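An overview of the molecular structure
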Amino acid sequence: MSIWEYANPVKFMQTSGWLLPWVVGATVLTLVPGLVWGFFFTPVAAEFGATVKVIYVHVPAATLAINIWVMMLVASLIWLIRRHHVSALAAKAAAPIGMVMTLIALITGAFWGQPMWGTWWEWDPRLTSFLILFLFYLGYMALWEAIENPDTAADLTGVLCLVGSVFAVLSRYAAIFWNQGLHQGSTLSLDKEQHIADVYWQPLVLSIGGFGMLFVTLLLLRTRTEIRSRRLKALEQRERMA
């Protein structure tokens with residue numbers, strides 16, 4: 001058995017159809033408890049007040065925003081090198097999810113920043129790189145819609161994905177690259193001075209896992225939809241030619 005078998009649309013549809021109920025169940029079992037635990041059963045922080053609870057949405061969304069683009073990069077490279085259509089469609093399917101996660105990270109970051117920094121927005125390195133990443137998501141989606149030929153669209157969006165990966169890396173490591181700006185270091189860290197207390201860390205890990213499972217669920221659903229849409233367009237073209 002080879003992993004490339006799942007690049008076959010029929011095989012992917014069969015396998016994803018079997019996986020979906022399990023993934024949905026895992027999403028519910030991690031996301032709901034993580035958010036309920038974090039928002040309702042953790043104490044108010046002495047330094048940050050109730051604002052600290054925004055981390056249960058902000059951190060998972062920001063983590064996904066970056067990693068979804070990395071997933072799109074891998075899928076795009078598979079398309080560019082091996083020409084597997086499922087990988088191109090998976091990258092296309094992931095983009096709107098990544099865009100929404102980036103937007104959530106920006107909005108929740110503003111709600112965190114206003115009471116902490118006294119401003120809704122600051123041209124901080126990490127914030128700015130996240131805004132640029134959001135614009136790359138929008139550009140990626142717009143490029144798919146602007147090009148009629150799906151293979152050409154997959155080629156060009158794959159190249160755009162390569163370029164945008166620079167900002168995905170900057171979004172993750174901006175606070176390290178530039179020792180300035182208001183944004184603090186990583187919430188989850190091996191450094192005990194930066195790492196948050198266990199009372200906040202445990203539900204946060206559960207929330208991150210829940211957001212990750214939510215992404216997998218949405219990705220499978222959207223990729224299946226893209227495959228069906230591609231089949232439908234192929235049938236319509238055959239009817240026109242007949």
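Residues numbered from 1 in each chain as written. Predicted model: local features only at pLDDT ≥ 70, side-chain atom pairs only at ≥ 80, totals over all residues. Heavy atoms only, no water.

As recorded in an unreviewed UniProt entry, the protein chain goes by Heme exporter protein C and comes from Rhodobacter viridis.

**So, the UniProt feature "transmembrane region" (unreviewed entry) in the protein chain**
Put simply, the rule reads: UniProt positions are given in the numbering used here, feature names are shortened, and annotations may be inferred rather than shown by experiment. Numbering of helices and strands starts at the N terminus; helices are DSSP runs of H or I of at least 4 residues and strands are runs of E of at least 2.
In this structure's numbering, the residues bearing the UniProt feature "transmembrane region" (unreviewed entry) are residues 20–41, 61–81, 93–112, 127–147, 159–179 and 199–221. The distance from the first to the last C-alpha atom of residues 61–81 is 30 Å, and the span holds 100% helix and 0% strand.

**Considerations on the packing of helix α2 (residues 55–82) against helix α3 (residues 85–117)**
Counted only if it meets this: Think of each axis as a best-fit line through the C-alpha atoms, taken over the contacting stretch in the case of a helix, with angles from 0 to 180 degrees between the N-to-C directions. The cut-offs work like this: below 35 degrees is roughly parallel, past 145 is roughly antiparallel, 65 to 115 is roughly perpendicular, and the gaps in between are oblique. By convention the crossing between two helices is left-handed if the near helix lies anticlockwise of the far one by an angle smaller than a right angle, and right-handed if it lies clockwise. Classification convention: Asp, Glu, Lys, Arg as charged; Ala, Val, Leu, Ile, Met, Phe, Trp, Tyr, Cys, Pro as nonpolar; all other residues, Gly among them, as polar.
It is at 7 Å that the axes of α2 and α3 come closest, and there the two elements cross at 155°. By the criterion of interaxial angle, the relationship of α2 to α3 is roughly antiparallel. When you trace α2 past α3, the crossing you get is left-handed. Among the residues forming the contact of α2 with α3, the class breakdown is 22 nonpolar, 8 polar and no charged.

**Description of the environment of Val100**
Tracing the backbone shows Val100 in helix α3. As a C-alpha pair, Val100 and Phe134 span 34 residues in sequence and 8.7 Å in three-dimensional space.

**Here's the deal with the packing of α2 against helix α6 (residues 198–241)**
Keep this limit in mind: What makes two residues a contact is simply this: any of their non-hydrogen atoms within 4.5 Å.
Between α2 and α6, whose axes approach to 9 Å, the crossing angle comes to 40°. The pairing of α2 with α6 is recorded here as oblique in orientation. The chirality of how α2 crosses α6 is right-handed. Facing Ile55, Tyr56, Val57, Val59, Pro60, Ala61, Leu64, Ile68 and Met71 of α2, the residues of α6 in contact are Val199, Tyr200, Pro203, Leu204, Ser207, Ile208, Phe211, Gly212, Phe215 and Leu219. Class assignment of the residues belonging to the contact of α2 with α6 gives a composition of 17 nonpolar, 2 polar and no charged.

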